[in-house]
Amino acid sequence: MKTVSENTCFGGVQGVYSHASEVCGCDMTFGLFLPAEAQDGPVPVLWYLSGLTCTHENAMVKAGAQGWAAEQGIALVFPDTSPRGEDVADDAAYDLGQGAGFYVNATEAPWAPHFRMWDYIAEELPGLIGAQFAVDLERQAITGHSMGGHGALTLAMALPGRFRSVSAFAPICNPTGGDWGRKQFAAYLGADERAWAAHDASLLMAERGFDGPVLVDTGTQDQFLDLLRPETLAQAMAVRRQEGTLRMQKGYDHSYFFISTFMEDHVGFHAEALYAG
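Owing to the predicted nature of the structure, the values given are computational and were not obtained by experimental measurement.

Draft legend 1. A look at the UniProt feature "active site" (unreviewed entry) in the protein chain. What UniProt calls "active site" (unreviewed entry) maps, in this numbering, to Ser146, Asp222 and His254. The annotated residues occupy 109 residues of the chain but converge on a single region, no pair of C-alpha atoms lying more than 10.7 Å apart. Among the annotated residues just listed, those that line the largest pocket are Ser146 and His254. One can find Ser146 in the loop between strand E6 (135–144) and helix H4 (147–158). For Ser146, the contacting residues outside a window of four places in its chain are Gly51, Phe169, Ala170, Pro171, Ile172, Trp180, Leu228 and His254.

Draft legend 2. The packing of aromatic side chains, seen in detail. The tally for this structure, following the rule as stated, stands at 13 aromatic pairs. When the centroid spacing of 5.2 Å and the interplanar angle of 85 degrees are considered together, the rings of Trp111 and Phe115 count as edge-to-face. Neither Trp111 nor Phe115 differs from the other in exposure class; each is buried. Summarising the aromatic geometry, the rings of Tyr252 and Phe258 are spaced 6.2 Å apart at their centres and angled 45 degrees between planes, so their arrangement reads as tilted.

Draft legend 3. Just unusual backbone geometry, in detail. In this structure, the amide linkage connecting Ala109 to the following residue, Pro110, adopts the cis form with an omega of 0 degrees. In this structure, Pro110 sits in the loop between strand E5 (75–79) and helix H3 (117–132). Even without being a glycine, Tyr103 presents a positive backbone phi close to 55 degrees. The topology assignment puts Tyr103 in the loop between E5 and H3. The buried category is assigned to Tyr103, whose relative accessible area is 0%. One non-glycine residue, Arg241, lies in the positive phi region at around 60 degrees. When you line up the elements, Arg241 lands in the loop between helix H8 (230–240) and strand E9 (244–249). Overall, the relative accessible area of 77% leaves Arg241 in the exposed class.

Parameters at a glance
Residues numbered from 1 in each chain as written. Predicted model: local features only at pLDDT ≥ 70, side-chain atom pairs only at ≥ 80, totals over all residues. Heavy atoms only, no water. UniProt positions renumbered as here; feature names shortened; annotations may be inferred. 1 Å grid on protein atoms, 1.4 Å probe; cavity = no way out; pocket = protein on both sides within 12 Å on 5 of 7 lines; lining within 4 Å. Helix = DSSP H or I, 4+ residues; strand = E, 2+ residues; numbered from the N terminus. Contact = heavy atoms within 4.5 Å. Phe/Tyr/Trp six-rings, centres within 6.5 Å; stacked < 30°, edge-to-face > 60°. Buried < 20%, exposed > 50% of the residue type's maximum accessible area, 1.4 Å probe, protein only.

Now the structure itself:
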């Protein structure tokens, strides 16, 4: 692992690190904020998964999360959204290829050799961070935006017991039913739609739910609302009687202005779960 940069931030350290990923077969970069409390021992962890076209840097710079995490004594992890490099497959479209990993393990050519973002987020990166930094992997929570909200919700439901809470900003709720999902799943996972269901938050919610609290915020003026399909998740949560809150925030769009406005709420929501018991 290489240290790209480290900066003092709200009494803690905002670092950027790179490493050779065995899972993705290329170098990967991630951001990690450690609050001051990490100097004295392991701290809880909140994962933030970013959306289409983003790298580790977008949320790290724009979301305003570090100040709220510092108040709560929580570490923040900002992974990249896909593998990258000259030998990594890509596409001219912004919503496929590099920057658009969709947090799945690709099985189809030309994506399969590198696009294994599920295993990277679920296994490899937690193992690396747990071994190298003062974080408590017994106390984890996860959030994300758009494609990253999709990833946060699906990982939380598919890995019971891993995360104490899950939240999302404007998540892609029903990728098997919309253009943000069907295109990518066909490319990465193949034509058999039965393989897609494991990566659809609304279907997973209906099938198994989440063993903890859920918080989802979406803006009423989100320019991608028809692609996000929040009504499908709301219906699944209502039918399952899932513990959680879905909020439609009046006037807000899909941008980081929206995310930064409600970041305090989300960090506080996760802190309550992370410090419970």
